[in-house]
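Architecture and fold: a report
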Amino acid sequence: MSDPKNEVSFIMVKPDGVQRGLVGEIIKRFENRGFKLVGCKMMSPSKDLLETHYVDLKSKPFFPGLIKYMSGGPVVAMAWQGKNVVKTGRSMLGATNPLDSNPGTIRGDLCIDVGRNICHGSDSVESGKREVKLWFGDSTEDYSLCTENMIYE
Ligand code: ADP
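Residues numbered from 1 in each chain as written. Predicted model: local features only at pLDDT ≥ 70, side-chain atom pairs only at ≥ 80, totals over all residues. Heavy atoms only, no water.

In the annotation of an unreviewed UniProt entry, the entry for the protein reads Nucleoside diphosphate kinase, and the organism field reads Azumapecten farreri. We quote the UniProt Catalytic activity (unreviewed entry) comment for the protein here in full: "a 2'-deoxyribonucleoside 5'-diphosphate + ATP = a 2'-deoxyribonucleoside 5'-triphosphate + ADP". Annotation of the protein in UniProt includes, under Cofactor (unreviewed entry), the sentence "Mg(2+)". (UniProt positions renumbered as here; feature names shortened; annotations may be inferred.)

Below you can see the structure in the form of structure tokens.
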């Protein structure tokens, strides 16, 4: 069985999060929790990449607006690794609609509208793998954190 500490999630600071100066805040929460950053790049994603990333939402009425919003400026794409990082990452982000997000979550603390919800996080272990591959190919880092024995028992 693969090591549960190797689970990966694709976390992205969306264009509104970048413009609002929230990159550091979002990274800080994942670092403080104990997760390991294994990929990080600022980029302006192509329409093709965004449409592939959001392919499951293609039939939704908000899809064109979503692609326009996500094309509106650079994003910070990240791969985070650690035990249960997908599920924990989703609960750290909060609900898709920030108005339904609990205080203490990223969206619950930092934004209001569903179409400006500042961050993305993979919603299953499978989509974590798929999205990290889509955005990073094989170019994530493989290294040990020297604090690992302090984070995992
Ligand atoms: P999540 O990002 O939480 O995984 P979804 O995959 O359902 O949520 O949706 C992707 C993104 O599409 C959301 O983060 C949000 O930016 C946008 N979105 C979802 N639902 C709506 C909606 N009803 N109106 C506008 N934008 C939406």
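In spatial order, the strands read 2-3-1-4; together these four strands make up an open sheet with antiparallel pairing. What marks the edges here is a single partner per strand, and that holds for strand 2 (36-43) and strand 4 (119-121). Along the sheet, successive strands turn relative to each other by an average axial angle of 15°, direction set aside. The pairing of strand 2 with strand 3 (residues 75-81) spans seven bridges and is antiparallel. The residue of strand 3 that forms the bridge with Cys40 is Met78. Helix 7 (residues 125-136) contacts strand 1 (8-13), strand 2, strand 3 and strand 4 of the sheet and is inclined by roughly 55° relative to strand 1. (Pairing = 2+ DSSP bridges. Helix = DSSP H or I, 4+ residues; strand = E, 2+ residues; numbered from the N terminus. Axes fitted to C-alpha atoms, helices over the stretch in contact; angles between N-to-C directions. Contact = heavy atoms within 4.5 Å.)

Glancing now at the packing of helix 2 (residues 23-33) against helix 5 (residues 85-93). At a closest axis distance of 12 Å, the pairing of helix 2 and helix 5 adopts a crossing angle of 135°. When the axis of helix 2 is compared with that of helix 5, the two are oblique. Relative to helix 5, helix 2 is oriented so that their crossing is right-handed. Residue-level inspection shows Arg29, Phe30 and Arg33 of helix 2 in contact with helix 5, the latter providing Thr88, Gly89, Met92 and Leu93. Class assignment for the residues of the contact of helix 2 with helix 5 results in three nonpolar, two polar and two charged. (Parallel < 35°, antiparallel > 145°, perpendicular 65-115°, else oblique. Left-handed = near helix turned anticlockwise from the far one by under 90°. Nonpolar A, V, L, I, M, F, W, Y, C, P; charged D, E, K, R; others polar.)

Next up on the list: the pattern of salt bridges. Evaluation of the coordinates by the stated rule reveals six salt bridges. A salt bridge links Asp3 to Lys5, with the shortest nitrogen-to-oxygen separation between them at 3.5 Å. Its relative accessible area of 33% is what places Asp3 among the partly exposed residues. Across the pair Glu126 and Lys129 runs a salt bridge whose closest N-O atoms are separated by 3.6 Å. Placement of both Glu126 and Lys129 in helix 7 is noted, with a separation of three residues, approximately one turn of the helix. Residue classification places Glu126 among the exposed positions, given a relative accessible area of 54%. (Salt bridge = Lys/Arg side-chain N within 4 Å of Asp/Glu carboxyl O. Buried < 20%, exposed > 50% of the residue type's maximum accessible area, 1.4 Å probe, protein only.)

Close to the ligand lie Lys14, Tyr54, Leu57, Phe62, Leu66, Tyr69, Arg90, Thr96, Arg107, Val114 and Asn117, which account for all nearby residues. Between the ligand and Lys14, the relevant distance is 2.9 Å, taken from an oxygen atom to a side-chain nitrogen or oxygen of the residue. The contact in question runs from an oxygen atom of the ligand to an N or O atom on the side chain of Arg90, over 2.7 Å. Contact with the protein chains covers 74% of the free accessible surface of the ligand, which is 530 Å². A per-class count over the shell around the ligand returns six nonpolar, two polar and three charged. (Near = heavy atom within 4 Å. Polar contact = N/O pair within 3.5 Å; in protein donor to acceptor, adjacent residues only side chain to side chain. Areas by Shrake-Rupley, 256 points an atom, 1.4 Å probe, with all protein chains shown as cover.)

Moving on, we get to unusual backbone geometry. Phi is positive for Asn84, which is not a glycine, with a value near 60°. One can find Asn84 in the loop between strand 3 and helix 5. Residue class for Asn84 comes out partly exposed when judged on its relative accessible area of 38%. The phi dihedral of Ile118 is positive, around 60°, even though this residue is not glycine. With respect to the helices and strands, Ile118 occurs in the loop between helix 6 (106-110) and strand 4.

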